[in-house]
Every structure is written in C-alpha cells, then in structure tokens.
Amino acid sequence: MRRYIHIFRLWFYEECSDALRLRRFICTGDQVSPSVSSDSEQLVSNIVSIFTKKPFHRDSPELRNLAPALTTKVVESVLNRFKSWKIAHEFFDWASSQSGYMHNCYTINALAAVLSGARRNAEMKTLSSYLVNSRCPMTPGALGFFIRCLGNVGMVEEADAVLNQAKDLGLCIPNKYTYNCLLQAISRSDKVEILEMRLKEMTDFGWELDKFTLTPVLQMYCNLGRMKCAMRVFEIMGDQDWLDVHSLSIMVLRLSKLCLTDEVFELIQKMESRNIRLNEQTFCILIHGFVKESKLDAALELFDKMKRSGFTPEISLYDTIIEGLCKKGQLKRALDLYLEMRESGISPDSKLLIKLSDFFSEEQMIQLLEELPEGMDTKMVTLYYNLLLTFYIKAGLTDKAHIMLRGIMGSDSNSHDTAMDSLIKFKGADFVSTASFNIVISGLIQKGEVDSAVGLFLDMGQVHCRPTVEIYNNLIEALCNSNKLDVAKDLLREMEATSGLSPTQFTHNCIFGCLCRREDTIGAIDMVKVMRVYAHEPWIKHSSDLVKRLCNKGRVTEACSFLADLVEEGFVPDIVAYSTAMRGLIQTHKIDQAMELFRDLQAQGCRPDVVAYNILISGLCKAKRVSEADKLFEEMLEGGLFPSVVTYNSMIDGWCQIGDVDRALLCLSKISRKAQEGGPDVITYTTLIDGLCIAGRPDEALTMWDEMKRQGCVPHSITFMAMIKGLSKSGRPEEARSYLKEMLREGMKPQIYVYVALLEALISEQKLEETFQVLREMLEIGSFPELKDKWHVALRDVLAKLVQDERTSSSIRALVAEGHLGPHLSDTDR
DNA sequence: GTAGGGTTAG
C-alpha cells in the first residue's frame, strides 16, 4: 500500500494542479429510459401484455406478427416494464431469436439491471457470456453499468473478467469511469489484490485518480480492517477536498465497529468544520450500534447531534434508545426521553409502552399516568390505562387490575380505594376498550378466578365493548378446564347468536375435550356432529383420551362404538386411538375382537406400527397363542417394520409360557445390540430368569443374572423377586435367601408371594428354625396378610407346620400372643 | 392460541 500512496502523492502534486483535468467525471453511463414514438409505445404495451398473459405461447401468431417491428429501443422499454425477472428473461430470450433483430448494449444492460435487482447470479453469469459471445460493442459507460450490476450481486471476479474480455475483443475501450465502476464492485469483496492491480493499471495508463477512484479503495481497506491504509487514503482524499457524506460514513461506521468511539466523535467534529455532516441513515446506524454495545452515553450524544442537525428521529430510534436505557437500569433517563418524544409530537405505540412497563416500577408507571396532559386523546388515555392494567397483571396484582378496570368503567362508585380513585382522572365508557377487558379477563383466568372473569365479561356491554373471539375462547377454555360445561356451552351459543362471531376449531375442541374427559360418549359424538358442519376436526388427543378412559373402566364396547361413530362422521381416528381400543379388548379377553379390529384397519389401508403389533403380540402370548403371535411377528418383518425390544420381550415371555425356553433364548440372541436400540433390557432378563427357573433350569437362570450384570443392566425388584421365587421353587432356598438379603440391602421390598415361596421351600426341607427366621424378617418389614389375601391360606399352612414342631412352636405362640400374626389366628391355631 | 395420546416382566 505504501508504494501506491507514494504514487498517489506524486500524481496529486504533479497533476492535480491542472484544474481542467480535475473536472468531475460526468460520463456516468447510467441507463436513461429511451424515448419511443407513440406507435412504438403501442407495440411495447402489446408485447408486455402478451408476455404477462397466461397461458403464454412464444410461438403465438400475435407475437410472430409483432416480431418484425422489434427495435432495441422497444426491447429496452419492454424490459423496464416487467415486474418479474422471469418474464423479462423469457422475453429477452425470445427477442434474441427473432430474425433481423440483435440486442445491443442497452438492452443487455436493461436485463442486467432486472436480474441483478432480483439477485439472479446464475442468470447474470449467462448474460455475461452472452455479452461477450455476441460481440456486442459497448460504450465505456455501458460497460461500467454492466459491471456495477455484477458488483451488486457480489460477482466480483466475473466483473473483473468482463472488463478484460470486452477490452481484448475490442468491444469497448474502457475509460476511467469503467474502471471506477469495477473498483466499486471489487470494494464489496475482500479481493484486495485485484483492486490494487487495477489501481496500478489505472496509474500506468496515466489516468488521474478522483474521489470515485479512491472511495472504493477506502471502502476496501475499511472492510478489511486495514485502518492504517484506510486512514492514509482518507487523508489524501481530505487533502484533495474529495471527502463527502459517503466517504465520511464509510470511515465512521468502520470506526464504530472497531469500538473506537472517541475517534468517531473526533472525526464527526472535524468534518463538521468542513461542513460535511452525517446523513440520517448513518446517524441511525451508529446510534443503533452504540446502543447494542451498551454505550448509551455515546448514543445519546449522537442522538442530540442528530436532532441539532435538523433530523427528526423516528419512533424506532427512540424505541431502541429507551429500551437500551431501561435494560441498563437508567429508568429516569428512559422516562425523560420518553416524555421528550411525546412532547415532540410522536405518539408512542403500544409496543414501546409495553416494553417500558417491563422495566418500570408501579410508581413510575403511575407517574406516567399522572403526567397525562389534560384534554389528551381518549385513545391515548386508554392505551396508558391498558398499560397499567398489563403491568398489574404481569406483577400478579390481578385484584388491583380488576378494581382499576371497574374504576375506569365507573361501575364501582362506592369503592374506598382513594389512591386508585385519584389515579383514574378520566372515567367512563370512552376510556376502556376491548383490549382492557382482554387483559384483565386473561389475568383472572390465569389466577383461576374463572367466575370473576365471566362476571367481568358480562359487564362489557355496559361500556359498549364488543367481545372478541379471543376473549370467548379464553373463557370457554377456562370453563371447560374447570368442568363448567354448561356455562361454556351458554357462552358458545351467545358467541354465535348474540355477538355474531364464528367459533374456531379451538372453541369447539375445548368443549369436545371436556365431554371426553367426562366420558360423555353421546355428548361427544353430538359435538362432533356440530363440528362436522363447521369442518372443524375433533382433536385426536381428546378422542384417544376418551377411549383410554372407557377402556380403563371396562367400557370397551362403548369405546369401539365411539371410534366407529367418529368414522361415520368422517373423522378417521389414527393408529394410536385404535391401539388403545385393541388393548382394551385384550384386557377384557376379547383377543379375537382385537384381531378383527386390527385386520379391519389393515383392510382400510392403515399400516399398523410397531406399537400396534406389540399390543397384539403380547395379548396373544399372554393367552398362550404363541404360534399366532409368531405369525404376526413374521408379518411385521415382511411389512418392513423393525421389532423393538418390547416385541422381543413379549415373544420371549410367550415362548417361556409354553415351556419352549430354547426359542426364548433364540429370541434373546436376535435382539439388536445397536446402541440406538439399546439391546436386551431388564425386562428381557427378568422374563428369561423367570422362564428358566420354571423350566427347571435354575443354573442357567443364575448365569443369566451374571450375564445381565455384565451387560451393565441393573436388576430391580421384579428381577430379584423372579430370582428368589425361582430358586425357591427349584428347591434351592439357601441361594434364594442370599438374593433376598441382597435385595433388602438395596432397599427394595419384596412382595409377599416371594416370602411364601421361600418359606414353603424351607419347610419342605424341614429347616424350621430358618423358616421361623425368615418369617420374623417378613413381619419386620410388613404385616401378616389379611384373611382375604390370596396368600393368607398358604402362610397359615406354614404356621401350622411351625406350631406343630417343638423347635418352633413356642416362638410362634409368642408371636401370636403379641398380635403379630393378626386377629384371625388366635383361636384357629391354638 | 394447539402435539401427545397407544406397547413388555410381578
């Protein structure tokens, strides 16, 4: 860079003295709309209308007739008239293929302007090639224009290449303007080498540089953050008196980006003395930037300068600064600025006010209200009132908001809240709006005060406020959520009949959902019939919820007919709702009906998912119809579904149930160990441990336990219980006991059947003392099962044996005497 | 302003 600066200096001193040669470069080459005769004007209109009409045929006879009259001036005019780049492109293409017609540099530039504005880089590239290949001669200005179009879409290398090609092919002798255009294009990129090369070329030509040459150079160095170079260029420009608003903006914006705040102000000051001032846009950008970096003093200083320069800031600028001040906790300054804005005649919008209310205290909000000038616009007063209402609601002071709103309405004449009374200077229907009600009603609903919300809603008419759909929906939703269905339905009726508003699907679904929660199948279907008229789809989550509730209560038939009714009304439930129903059927032992439903769905083109298959497979397995389950398993594989661990677990359980443990073990080996699917889980191992023990293979069960632990799978209480019960039943109570001890150590509490199995195993081995010990342990953690308990009898048999043996009989009698074995035993076992 | 609801071991 230093070398070039040196070269610039040389020129400036040697050549700039020549006033004539310092003249402003006036050949801008910009496109000027061609003037066309009135005949041609007609032609232009015709072509435009043909090309914008649909359907469009480029071989239409109309077009063929117009073609011979085509001139470049006409084409240029037509191109300037299209709003769509596509049509412009199409037309340009059509024109090029008409015999006797050839584009010139102006028509090409007209298209270039359109494409560049629409940021169509690919099409610009094609046009570049067309320009060169068509050997179209260009004036230096026209080439400059084209280059600027390329620059606008960031096609710097293409711009650079076009200049060379045009020059090499002799299509154009570029002048300084052309080069300046190129420099400008390059300055939008980071290709400083290209820029410096072109600059050198220009000096080699002996051209004197001007501000249009150096401004891009300044821009480039600023973009790259090479501030020393930028400063030098800036100095040179200053020496030549070439500085203007534009170059100042470039410099100042860069300095502010580099956080050189002092330098920014220094520069602005210096330029002011030269009578160069920032434009409004630059002021705005700088101020926004300062606020963003929390430099509020700088922002405010500049803001003052901006106003002194005669610019009237827009609300968005006030908005930014006020928000910045609020965030920094400088609320006093924010409020002052806000008042200043209001005095300057800018009406604050609710967005800004709501922002303010996020930061202000109640006192500050009230101050805002107190400063309302007399005779202020009623709408504005309402806006302020609503602001305070919002504030109260946000702060959780719902009652205060409620009282205030009633105060403004004037319906609370005997209120004793004097502070509130003095706050409300303006009272009456004019000062409340629908929004006021919306704010307070929503607040009341949030607090769960639905009745108050409805009460307030009913009073809206007094002050001539019309409720909105939103208010109705809010209320209806809240009423439905608190199961006040009748009131909700009343409101729905009123909404349509009195207020003339249409319920939305949300409105209807609130009520539908409530009916589903109430398990009111008939009501729900009636609602669906209403909804069908509005084409409002009943939400599936509500339908599924109803099906689930019914199934849980054994009302499966009702659930199924509800689903069928939905279909009847044209709303087909999804696989989830059907899965719930199928499970309901299975739980009531209606497996065949579940299968039937499943097959029906498939027949209607529904593809059941893994979960649906799982439900059926597990149902079949539980009913020991394992081979049918296996067929379903195969079917899901054929259908391209991947069985999940759940599927395998159910199959494993099934095989175990019918005593085919080996097939169960085969299943285990098939469970994917991919990280994603997680491999076998506790349920897998638990099922297998149980199955192996039942099959009389306790040793393998023990191995399985170890394998499980090796896989990092932690046993939990069901696993322990399976192991303890299994070992007991296999006649290995000693080992079972050690697992029981471990289980207790882990803080898990076994269910009673585990003790029963263990006690029975010990008894059958005549280990009476141990039996007694285990019984004592059992009683330590729980009480003796009641008479109606399914294990009562079994335990009683155990007791009977203990009582009969002399080693344990006295201990048992002691337990009975102490009441540890419950009231029923005292007489029977004596 | 509105997407989570259905599956396995005792």
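Conventions used here
- Residues numbered from 1 in each chain as written.
- Chains lettered and ligands numbered in written order.
- Predicted model: local features only at pLDDT ≥ 70, side-chain atom pairs only at ≥ 80, totals over all residues.
- Heavy atoms only, no water.
- UniProt positions renumbered as here; feature names shortened; annotations may be inferred.
- Helix = DSSP H or I, 4+ residues; strand = E, 2+ residues; numbered from the N terminus.
- Buried < 20%, exposed > 50% of the residue type's maximum accessible area, 1.4 Å probe, protein only.
- Polar contact = N/O pair within 3.5 Å; in protein donor to acceptor, adjacent residues only side chain to side chain.
- Contact = heavy atoms within 4.5 Å.
- Near = heavy atom within 4 Å.
- Nonpolar A, V, L, I, M, F, W, Y, C, P; charged D, E, K, R; others polar.
- Core = buried A, V, L, I, M, F, W, Y, C linked by side-chain atoms within 4.5 Å.
- Salt bridge = Lys/Arg side-chain N within 4 Å of Asp/Glu carboxyl O.
- Axes fitted to C-alpha atoms, helices over the stretch in contact; angles between N-to-C directions.
- Parallel < 35°, antiparallel > 145°, perpendicular 65-115°, else oblique.
- Left-handed = near helix turned anticlockwise from the far one by under 90°.
- Phe/Tyr/Trp six-rings, centres within 6.5 Å; stacked < 30°, edge-to-face > 60°.

- Within an unreviewed UniProt entry, the label attached to chain A reads Pentatricopeptide repeat-containing protein, and the organism entered is Trapa natans.
- Heading Sequence similarities (unreviewed entry) of the UniProt record for chain A holds this comment: "Belongs to the PPR family. P subfamily."

## Brief notes about the side chain of Ser728
Okay, so step 1: Checked against the element boundaries, Ser728 lands in helix α41 (residues 717-729).
Okay, so step 2: Owing to a relative accessible area of 4%, Ser728 belongs among the buried residues under this scheme.
Okay, so step 3: A polar side-chain atom of Ser728 sits 2.8 Å from the main-chain carbonyl oxygen of Ile724.
Okay, so step 4: Not counting residues within four places of it along the chain, the set of residues in contact with Ser728 comprises Ala736, Ala757, Leu758 and Ala761.

## Here we look at the protein's contact with DNA strand B
Okay, so step 1: Lining the immediate surroundings of DNA strand B are 32 residues, of which Ile540, Asp609, Asn614, Asn649 and His716 lie closest.
Okay, so step 2: In DNA strand B, the atoms that sit within 4 Å of the protein are 29% sugar and phosphate, with bases accounting for the remainder.
Okay, so step 3: A distance of 2.8 Å is found between a base nitrogen of DNA strand B and a backbone nitrogen or oxygen belonging to Lys541.
Okay, so step 4: At 2.8 Å, a side-chain N or O of Asp574 approaches a base nitrogen of DNA strand B.
Okay, so step 5: When residues of the surface near DNA strand B are traced back to their parent elements, those giving at least two are α29 (505-517), α31 (540-552), α33 (575-587), α35 (610-622), α37 (645-657) and α39 (682-694).
Okay, so step 6: In terms of residues, the surface near DNA strand B owes the most to one element, α35, which gives six residues.
Okay, so step 7: Considered class by class, the residues forming the surface near DNA strand B number 12 nonpolar, 13 polar and seven charged.

## Considerations on the nonpolar core
Soluble, globular proteins show a tendency: their nonpolar side chains are buried together.
Okay, so step 1: Core analysis: the largest hydrophobic core is formed by 277 residues, its most contacted members being Tyr338, Phe437, Ile441 and Ile812.
Okay, so step 2: Looking at this core element by element, the count peaks at 10 residues for helix α22 (residues 378-394).

## Side note on the pattern of salt bridges
Okay, so step 1: Following the criterion strictly, the structure yields 44 salt bridges and no others.
Okay, so step 2: Across the pair Glu362 and Lys400 runs a salt bridge, and its minimum N-O distance is 2.9 Å. One end of the pair, Glu362, is in helix α21 (residues 362-370); the other, Lys400, is in helix α23 (residues 398-409), and 38 residues separate them in sequence.
Okay, so step 3: Among the residues examined, Lys400 registers a relative accessible area of 31% and is labelled partly exposed.
Okay, so step 4: Put simply, Glu519, Asp545, Arg549, Lys553, Arg555 and Glu558 are held in one network by salt bridges that share partners.

## A short note on the packing of helix α12 (residues 211-224) against helix α13 (residues 227-239)
Okay, so step 1: Where α12 meets α13, the axes come as close as 8 Å, and the angle between the chain directions of the two elements is 160 degrees. Between α12 and α13, the crossing angle belongs to the class labelled roughly antiparallel. The hand of the α12/α13 crossing is left-handed. Of α13, the residues touching α12 (which contributes Lys211, Leu214, Thr215, Val217, Leu218, Tyr221 and Cys222) are Met227, Cys229, Ala230, Val233, Phe234, Ile236 and Met237.
Okay, so step 2: Its residues assigned to classes, the contact of α12 with α13 comprises 12 nonpolar, one polar and one charged.

## As for unusual backbone geometry
Okay, so step 1: Unlike most non-glycine residues, His464 shows phi in positive territory, near 60 degrees.
Okay, so step 2: Along the chain, His464 turns up in the loop between α26 (450-458) and α27 (469-481).

## Let's talk about the packing of aromatic side chains
Okay, so step 1: Under the counting rule described, the total for this entry stands at 22 aromatic pairs.
Okay, so step 2: Look at Phe51 and Phe91: their rings are 5.2 Å apart centre to centre, the planes differ by 85 degrees, and that puts the pair in the edge-to-face class. Taken as a pair, Phe51 in helix α2 (residues 38-52) and Phe91 in helix α5 (residues 85-96) lie far apart in primary sequence, 40 residues in all.
Okay, so step 3: Relative to Phe311, the ring of Phe283 lies with its centre 5.8 Å away and its plane at 65 degrees, an arrangement referred to as edge-to-face. Of this pair, Phe283 sits in helix α16 (residues 280-292) while Phe311 sits in the loop between α17 (296-308) and α18 (315-327); the two residues are 28 residues apart in sequence, bridging distant segments of the chain.
Okay, so step 4: The class of Phe283 is buried, set by a relative accessible area of 1%.

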